Amino acid sequence: MPKPSSVIKQVVSVSREEEEENEAKSKAKSLGLGYVNLKTSPIQVEVLHFLGDEISKKYRLIPYIAIGRTVRLATDVYPGNFKADLDKISQQKKISFQIVLASSSSLNHALDLLDKTKDLFLKAQPEKIIITKEQIDKSIKDLAALQTAIQQTPTTQLLELILAGALGTRASDIHLSPQKKGAVLRLRIDGALQVITVLTNEAFKGLSSRIKYLAGLNIVGKDVPQDGSFSFRYGNEDLDIRVSTLPTEYGESFVLRVLEENPKSLHLESLGFSQNVENMIREAIMHPNGLILNTGPTGSGKTTTLYAILNILNKPQKNIVTIEDPIEYKLSGVEQIPVSAKVNFANGLRSILRHDPDIIMIGEIRDKETADIAVQASLTGHLVLSTLHTNNAAGAFVRFVDLDIQPFLLVGNVLLVIAQRLVRKICPYCRARVKVNEDKKVFYKKYFRVGSVPDELVYGQGCVYCHGTGFLGRTVVAEAIKPSDELNRLLQAKPNTQEIQVAAIKNGMKPMVLDGWDKVLAGITTAEEVIEKTSF
Ligand SMILES: [Zn+2]
């Protein structure tokens, strides 16, 4: 039982509080402003630090809720001295503000909250996120361990854990997709998305705010897609994470891509090309000018191959410029220009040419204008590398003609056309020979156009190393056309893809599916994997 005097104190303080709120309310009314009680109405923690704590404290201004592109700011000092500073922020972040009056005690409560939540948002700012190899070794080398670790980790350390998990499992992308309840965390490993766990709404909220903060994204803008990046330290290297957000039905989804700086994986000989194709590439890139094209659908590794080529060509005496959408790897010593709202492939390319480069890499040729400039550049003393969305190498010639490029401009100018796919490699820890049934033999003979199929082929059985998938890592299956005199003659007649394909095979090209079949026979990948990745 409380003593009578303390009950009285409580009653007095409650009524004083009420009185203060009433005063604030009527002051707001007389000023024509809104009123808020920050002790009782919901505060969006992710908006709280929007102005920067220094400005919030200086002017007693608390951002507490964002609606669309408007942020409501509560204050108990009105009119304050804040107009100039707010105008600046409003312009920079393309946000409008709405001032709302609050009582001094409710504002003090929010200022307290500002300090209490500071760690979550600001801790990572001055110091870089650091991830050590020990962290990864300790617990997160497999997906089950990562899942357990995530469930036991406080929200403030979730990002570090997920990044370490992505490195530990060799993931290329981290996907966070909000659903009705919680958000699904998936990692892309060897090209396939694997579900790790479902994060609670609360954990996802903290995590997404932290990612946006680090990546320099607008914390408030949830209605537009945004792109940004941040870097963290792993061992002795700095790794970049590219962040893109997309508004979805249940909130913003995130894709984080791990970018390595000068990655060691970018060696032509380690990508998995057959010796024949690799030799053709090495020969083609010796030329001072001409066009080298790599074709394939999205995710076929064609840009990675071009990077590996640039890695070989990257010498101090060579001026290399790239225009990319987006930049997928950072190469030191290479000037890399991202495509943006102002810079597209065509106009970016024009300004690049004024910088007198020796070697140009164009992320992709999609339109006539870009194709024109690329061909002109390759005819005027530049080595031009680019990619095209075609199904096979022969298709590249037809695509150029479709883009209104005169065939005679291609003759002698196209040095090499590569087509490639990425297939998953059979896991070395659980590989085993498996009997091939008759139905499959018939199908393989037809698809790969081979005379015979062995009685047994190698398959992965699934183990801890490959997360039960039977696959570990990826390799390339490819074909390459170095235009022959015959093909050059044929080009003048605007041939179709099939005619070019026939001419190329006659001239010694090994089609991609056969390159794949070689890798099936060698126990590197499976027939099903090659069929799935080459049948489009
Ligand atoms: Zn395995």
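Above this text sits the structure in question.
Source: prediction; values computed, not measured. (Residues numbered from 1 in each chain as written. Predicted model: local features only at pLDDT ≥ 70, side-chain atom pairs only at ≥ 80, totals over all residues. Heavy atoms only, no water.)

Draft legend 1. Up close: the coordination of the zinc ion. Within the protein, the zinc ion binds to Cys 427 (SG), Cys 430 (SG), Cys 463 (SG) and Cys 466 (SG); these donor distances fall in the range 2.3 Å. Its four donor atoms give the zinc ion angles of 107 to 112 degrees at the centre, a pattern that matches the tetrahedral case. Sequence positions of the residues that donate to the zinc ion give the spacing C-x2-C-x32-C-x2-C. Of the two residues, Cys 430 sits in the loop between strand E17 (414-426) and strand E18 (431-435) while Cys 463 sits in the loop between strand E19 (456-460) and strand E20 (471-481), which places them 33 residues apart along the sequence. Residue Cys 430 is classed as buried on the basis of its relative accessible area of 9%. (Donors = N, O, S within 2.8 Å, 3.2 Å for Na, K, Ca; no water. Tetrahedral: all angles 85-135°; square planar, octahedral: opposite > 155°, others 65-115°. Helix = DSSP H or I, 4+ residues; strand = E, 2+ residues; numbered from the N terminus. Buried < 20%, exposed > 50% of the residue type's maximum accessible area, 1.4 Å probe, protein only.)

Draft legend 2. A look at the nonpolar core. By size, the foremost hydrophobic cluster in this structure holds 39 residues, and its most contacted members are Ile 150, Leu 159, Leu 163, Ile 211, Phe 230, Phe 232 and Val 243. At seven residues, helix H9 (residues 158-168) tops the list of elements feeding residues into this core. Sequence-distant contacts of Phe 230, defined by excluding residues within four places in its chain, comprise Ile 129, Leu 159, Leu 163, Ile 211, Leu 214, Ala 215, Leu 239, Asp 240, Ile 241 and Val 243. If you look at the next biggest cluster of nonpolar residues, it comprises 38 residues, including Val 375, Ala 394, Val 414 and Ala 503. (Core = buried A, V, L, I, M, F, W, Y, C linked by side-chain atoms within 4.5 Å. Contact = heavy atoms within 4.5 Å.)

Draft legend 3. Summary view of the packing of aromatic side chains. Within this structure, the stated rule accounts for eight aromatic pairs. Where Phe 443 meets Tyr 447, the ring centres are 6.2 Å apart and the plane angle is 35 degrees; that geometry is what we call tilted. Here the residue Phe 443 and the residue Tyr 447 both occupy positions in helix H17 (residues 438-448), the gap between them amounting to four residues, near one helical turn. When its relative accessible area of 21% is taken as the criterion, Tyr 447 is described as partly exposed. (Phe/Tyr/Trp six-rings, centres within 6.5 Å; stacked < 30°, edge-to-face > 60°.)

Draft legend 4. Up close: the packing of helix H8 (residues 143-151) against H9. Where H8 contacts H9, the axes come no closer than 10 Å and their chain directions differ by 175 degrees. Judged by the inter-axis angle, H8 sits roughly antiparallel to H9. Of the residues in H9, those touching H8 at Leu 146, Ala 149 and Ile 150 are Leu 158, Leu 161, Ile 162 and Gly 165. Residues that form the contact of H8 with H9 fall into these classes: six nonpolar, one polar and no charged. (Axes fitted to C-alpha atoms, helices over the stretch in contact; angles between N-to-C directions. Parallel < 35°, antiparallel > 145°, perpendicular 65-115°, else oblique. Nonpolar A, V, L, I, M, F, W, Y, C, P; charged D, E, K, R; others polar.)

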